[in-house]
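Architecture at a glance
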Amino acid sequence: MYLDTNDIRLLYLLMTGTKRTKEISDFLEVDKRSVPRLLDKLRNLGYNIDSERRKGHTLLWDQQYSLKKFNTEESRFLAELVQIYAPEHPLAKGVMRKLDYDISTVPLAKHVQEVVNSKNFENLKWALKHQCQVILKPYHSNNELSPPTDRTVLPLQLYLRHRQLYAYELESGKSKTYKLSRIGFVEVTNEKFNGSLPPLEKPDPFGFYATTADHIHLSMTKAAAQLLAEEYPEAEVYLSPDDDLGIKYKGPMCNPMGIGRFILGLPGKIKVRSNQKLMDFLHQQQLEDLHSDE
């Protein structure tokens, strides 16, 4: 049993104080007869909710709760660690918000989404550990003509600082990548996958995947290197001082399209020292640009 959007919104509402059944039904936009069922679901998940007639429903906290809270200095220290080492982690925004202040108002939509993102991440980690299939309900493709659809997948790996999921899609029989930010909810099915999987692909710092990667050597100005690290944070570990333009990149490349587009966007700022595949891609793109200008 897992928390859905209504469960999360109901929890936040109860955190603001005792609420009557009508207040809950109005806030969740559900029938009053559905409220007891929603409350019972939270109780089954371990939340202690006291219901009294004519008074309302109250979320009870452990008596030792106040002893488990972080003090101001501890909260500030933890917030700094998150900001420095994991600012883009799926759990980061939710953690930062809890460290900054106590919940005292009805949650905004973005706050609910933070909790959903955290729960999705937890479900994916659990599915990876137990090798279970999940349903992405729904997944929003970047194709504007393709409506959001549910995808049943077997999670294989979380990549790019936990921003992307690499998974085997059962319907297509192919391994694909999914951005966590485009997933509605992750529903764990507890169903195992019995078939054979294609070879595991690994990502390069530019968002492309392959079973094997090419090695490239680039020279670039310090300004270009700074832009590269900002746009592709995973590439930063492959940057080092260079005697030519100032900085060099020596690292993997799965597809020339990712880094190639970046190079073409900074004419004269980056030189390709090795990798014929990348050179051919840049040459072809430059020819196409010349023909398009005619």
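Predicted model, so just to flag it, every value in this text is computed and none were measured.

Should the charged atoms of two oppositely charged side chains come close, the side chains can pair. Counted according to the given criterion, the structure contains 12 salt bridges. The salt bridge partner of arginine 33 is aspartate 31, with a shortest N-O separation of 2.9 Å. The class for arginine 33 is exposed, based on a relative accessible area of 73%. A salt bridge links aspartate 214 to lysine 277; its shortest N-O distance comes to 2.8 Å. Note that aspartate 214 is positioned in strand β10 (residues 214–220) and lysine 277 in helix α10 (residues 276–293), a separation of 63 residues in sequence.

Our focus in this paragraph is helix α8 (residues 222–231). Of the positions making up α8, those classed as buried are Ala224, Ala225, Leu228 and Ala229. Buried residues along α8 cover an arc of 135° about the axis, so they all sit on one side. Of the surrounding elements, those touching the buried residues of α8 are β10, β11 (239–241), β12 (247–253), α9 (256–264) and β13 (270–274).

What follows deals with the sheet that holds strand β3 (residues 132–139). Taken together, the five strands give an open sheet; going across it, the order is β6-β5-β4-β3-β7, and neighbouring strands pair in antiparallel fashion. The open sheet has two free edges, formed respectively by β6 (174–179) and β7 (183–192), since each of these has just one partner strand. The average angle at which neighbouring strand axes cross in this sheet is 45°, direction not considered.

This brings us to the confidence of the model for the protein. Averaged over every residue, the pLDDT of the protein is 82; the share at 70 or more is 86%. Confidence drops under a pLDDT of 50 for residues 101–109, and excluding neighbours within four residues, the segment shows 14 contacts in the predicted structure.

In this structure, serine 219 sits in strand β10. Separated by 3.0 Å, the side chains of serine 219 and aspartate 242 make a polar contact. Within polar-contact distance, the side chain of serine 219 engages the side chain of arginine 273 at 3.2 Å. The residues touching serine 219, leaving out its near neighbours within four places in the chain, are Asp242, Asp244, Leu245, Ile247, Lys248, Lys269, Ile270, Lys271 and Arg273.

Note on soluble globular proteins: their nonpolar side chains tend to be buried together. The biggest cluster of nonpolar side chains holds 23 residues, and the ones touching the most others in it are Leu218, Met220, Leu228, Tyr249, Ile259 and Leu278. When contributions to this core are tallied by element, the ones reaching two or more residues are β10, α8, β12, α9, β13 and α10. Looking at this core element by element, the count peaks at four residues for α8. Ignoring any residue separated from it by four or fewer positions in sequence, one finds isoleucine 259 in contact with Phe206, Ile216, Leu218, Leu228, Met253 and Leu278. Counting 16 residues, the second-largest nonpolar core is a separate cluster that includes Leu124, Leu158, Tyr178 and Ile183.

Bringing the side chain of serine 25 into the picture now. Take serine 25: it is sitting in helix α2 (residues 21–28). Of the residues examined, serine 25 reaches a relative accessible area of 4% and is grouped as buried. Apart from the residues lying within four places of it in its own chain, the contact partners of serine 25 are Val30, Asp31, Lys32 and Val35.

Conventions used here
- Residues numbered from 1 in each chain as written.
- Predicted model: local features only at pLDDT ≥ 70, side-chain atom pairs only at ≥ 80, totals over all residues.
- Heavy atoms only, no water.
- Salt bridge = Lys/Arg side-chain N within 4 Å of Asp/Glu carboxyl O.
- Buried < 20%, exposed > 50% of the residue type's maximum accessible area, 1.4 Å probe, protein only.
- Helix = DSSP H or I, 4+ residues; strand = E, 2+ residues; numbered from the N terminus.
- Arc of directions from axis to C-beta.
- Contact = heavy atoms within 4.5 Å.
- Pairing = 2+ DSSP bridges.
- Axes fitted to C-alpha atoms, helices over the stretch in contact; angles between N-to-C directions.
- pLDDT = per-residue confidence, 0-100.
- Polar contact = N/O pair within 3.5 Å; in protein donor to acceptor, adjacent residues only side chain to side chain.
- Core = buried A, V, L, I, M, F, W, Y, C linked by side-chain atoms within 4.5 Å.

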